[in-house]
Amino acid sequence: RVKSGNKYIVEKMFFSYPCVTRDSKLLLDEIANRLNQKTSLKGLTGVKFYITSMTRKTSNVKSLRRFNGNASANSPHLYGNAFDISYKRFVAQKWVLTNCDKKYLKEALAEVIWQLRAEDKCWATCERMQNCFHVVSR
């Protein structure tokens, strides 16, 4: 089970459940730690991202396909190995995040995920219509 905390915010989910495998949870924490390390160097502290989707049942996928063309019948979400992270919404210990801050956070998050992908710790894609990174632990 994954809960909101210091590192990320688990959004209310309608088509999935806030739980993942142990390896996926470790990957999620690693992404959050690396992102905070990277952003704190630029003066943005306490950065949190939103997790928008995690484990799904087959019946959830069937319902979701009516609204989301990216939903796959053989998705890694079915096995608890995948999660989606919004690249549009962030929280930080700053009164207001400017558009420049938000663009920087999106790029920083993308770099962290890309590094983990290069280290063979995950697979990842950018879902533009859903404004999220789809990440699968390896």
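For the structure itself, look to the data block above.
Everything quoted here is computed from the prediction, not taken from an experiment. (Residues numbered from 1 in each chain as written. Predicted model: local features only at pLDDT ≥ 70, side-chain atom pairs only at ≥ 80, totals over all residues. Heavy atoms only, no water.)

**Some words on the nonpolar core**
Let me state the cut-off plainly: What is meant by a nonpolar core is a set of buried Ala, Val, Leu, Ile, Met, Phe, Trp, Tyr and Cys residues, joined one to another through side-chain atoms within 4.5 Å. Buried, partly exposed and exposed residues are distinguished by accessible area as a fraction of the type maximum, computed with a 1.4 Å probe on protein chains only: under 20%, between the cut-offs, and over 50%, respectively. Secondary structure is summarised from DSSP: a helix means a run of H or I of at least four residues, a strand means a run of E of at least two, and numbering begins at the N terminus for each. In this analysis, two residues are considered to be in contact whenever any of their non-hydrogen atoms come within 4.5 Å of each other.
Membership of the largest hydrophobic core comes to 30 residues, with the highest contact counts inside it found for Ile-31, Phe-49, Ile-51, Phe-83 and Leu-109. Elements with a contribution of two residues or more to this core: β1 (8–10), α1 (22–40), β2 (48–53), β3 (82–91), α3 (99–118) and β5 (132–137). Considering every element that reaches this core, the biggest residue donor is α3, with six residues. When near neighbours in sequence (up to four residues on either side) are disregarded, Phe-49 contacts Lys-7, Tyr-8, Ile-9, Leu-28, Ile-31, Ala-32, Leu-35, Ile-85, Arg-89, Phe-90 and Leu-109.

**Topic: the pattern of salt bridges**
We apply this condition: Here, a salt bridge means any side-chain nitrogen of Lys or Arg that lies within 4 Å of a carboxyl oxygen of Asp or Glu.
Enumeration over the complete set of coordinates arrives at 10 salt bridges. Between Glu-119 and Lys-121 there is a salt bridge, with the nearest N and O atoms lying 3.5 Å from each other. Owing to a relative accessible area of 38%, Glu-119 belongs among the partly exposed residues under this scheme. Residues Asp-120 and Arg-138 are paired through a salt bridge, measuring 3.0 Å at the closest nitrogen-oxygen approach. Taken together, the residues Asp-120 in the loop between α3 and β4 (122–127) and Arg-138 in the segment after β5 connect sequence positions 18 residues apart. For Arg-138, a relative accessible area of 45% gives the class partly exposed. Members of the salt-bridge network, linked through shared partners, are Glu-30, Arg-34, Glu-119 and Lys-121.

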